[in-house]
Amino acid sequence: MTQLPILIIGGAGKTGARVNTLLRGRGLTTRPVSRSTEIPFDWNQPETWPSALEGISAAYITYQPDLAVEGAAEAVAALAGLAREKNLERLVLLSGRGEPGAQRAEEVLQAADVPWTVVRASWFNQNFSEGYLLESVLAGEVALPAGAVAEPFVDANDIAEVVTAALTDPRHAGRLYEVTGPRALTFAEAVAEISHAAGRSIHYRRISSEEFASGLRQAGLTEDLVSLLDELFTVVLDGRNSAVTYGVEEALDRAPRDFSDYARGAAANGAWRI
């Protein structure tokens with residue numbers, strides 16, 4: 001690859017910020033972008049895309065709010081077409097496990113005639129410490145419409161390392177890595193591990209999808225986001241993603257981080273200190 005900058009769409013996100021740190025640690029130049037950066041990138045404003053892609057060698061693509069939403073695949077197709085016009089050497093897409101919309105986005109990326117890698121993931125460990133579940137954990141109760149279905153939560157650091165490898169090593173071109181943690185836990189089991197690591201009482205309570213949606217509306221979320229989160233918990237979280245996969249091992253030749261290690265590390269770093 002050339003020494004031109006690597007574009008990171010969503011450069012301040014959970015994985016984007018980590019990818020940025022890893023790439024810079026290797027001495028590579030990056031261009032992390034979002035709606036508020038000096039060179040802006042806004043998925044809803046395609047006129048911002050050409051400047052963001054100007055003079056770069058490769059791109060890490062994360063889509064907001066989620067590839068499951070209407071129009072996401074079309075946006076990825078348009079961006080990939082622009083990347084082809086600008087002669088990018090590689091595209092790496094963060095995709096979603098078990099989401100038909102995400103798989104459509106993968107297909108249009110693969111058809112764009114630019115070397116590609118897909119990293120397919122689902123629930124991040126860091127949702128409990130850096131994302132929308134943090135407030136609930138700090139309050140001592142996580143209430144979600146998720147029952148006994150297990151999920152092999154994946155660590156955002158593992159995702160970032162796989163993405164970094166894909167952006168810097170041509171051996172990963174044309175590969176789809178489905179990444180998970182090494183074991184599946186229910187949300188109740190995950191919260192119990194967090195409670196143990198944090199050294200204080202944190203409970204899990206299952207609620208109805210109606211109560212969940214009502215709470216999201218009261219928190220000020222738009223109807224589009226309410227519908228998206230409700231679908232992720234009531235449709236996608238139906239067991240389709242419960243199986244452990246081996247994308248981390250395939251890409252990095254090592255096992256993924258375990259949830260208990262994540263919980264101990266987050267607790268030691270004060271993530272759940274009140």
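Residues numbered from 1 in each chain as written. Predicted model: local features only at pLDDT ≥ 70, side-chain atom pairs only at ≥ 80, totals over all residues. Heavy atoms only, no water.

What follows covers helix H8 (residues 209-218). Burial in H8 covers these residues: Phe-212, Ala-213 and Leu-216. The buried side chains of H8 occupy one side of the element, clustering within an arc of 95° when seen end-on. Seen from the open side of H8, the exposed residues pointing more than 90 degrees away from its buried face are Glu-210 and Gln-218. The secondary structure elements touched by the buried residues of H8 are strand E6 (141-144) and helix H9 (223-236). (Buried < 20%, exposed > 50% of the residue type's maximum accessible area, 1.4 Å probe, protein only. Helix = DSSP H or I, 4+ residues; strand = E, 2+ residues; numbered from the N terminus. Arc of directions from axis to C-beta. Contact = heavy atoms within 4.5 Å.)

Moving on, we come to the side chain of Asp-158. Assignment of secondary structure puts Asp-158 in helix H6 (residues 156-168). Separated by 2.3 Å, the side chains of Asp-158 and Arg-257 make a polar contact. Discounting residues that sit within four places of it in the chain, Asp-158 has contacts with Val-248, Leu-252, Arg-254, Pro-256 and Arg-257. (Polar contact = N/O pair within 3.5 Å; in protein donor to acceptor, adjacent residues only side chain to side chain.)

Read across the open sheet, the 6 strands follow the order E2-E1-E3-E4-E5-E7; overall the sheet is parallel. The two strands at the open ends of the sheet, each matched to only one other strand, are strand E2 (30-33) and strand E7 (175-178). Strand-to-strand twist in this sheet, taken as the mean axis angle between neighbours without regard to direction, amounts to 15°. Pairing geometry for strand E1 (residues 6-9) and strand E3 (residues 58-61), over 3 bridges, is parallel. In the sheet register, Ile-8 faces E3, and the bridge partner there is Tyr-60. Across the sheet, H6 touches E1, E3, strand E4 (90-96), strand E5 (116-121) and E7, and the angle it forms with E4 is around 155°. (Pairing = 2+ DSSP bridges. Axes fitted to C-alpha atoms, helices over the stretch in contact; angles between N-to-C directions.)

Counted by the stated rule, this structure contains 18 salt bridges. When the shortest N-O distance is used, the salt bridge between Arg-257 and Glu-161 registers 3.0 Å. Separated by 96 residues along the polypeptide, Arg-257 in the loop between helix H10 (247-252) and helix H11 (259-268) and Glu-161 in helix H6 bring together distant segments of the chain. A relative accessible area of 23% places Glu-161 in the partly exposed class. Notably, a salt bridge pairs Glu-193 with Arg-183, separated by 2.8 Å at the nearest N-O pair. With Glu-193 in helix H7 (residues 187-198) and Arg-183 in the loop between E7 and H7, this residue pair connects regions lying 10 residues apart in the sequence. Overall, Arg-183 belongs to the partly exposed group, its relative accessible area being 31%. Salt bridges sharing common partners tie together Arg-97, Glu-106, Arg-120 and Glu-178. (Salt bridge = Lys/Arg side-chain N within 4 Å of Asp/Glu carboxyl O.)

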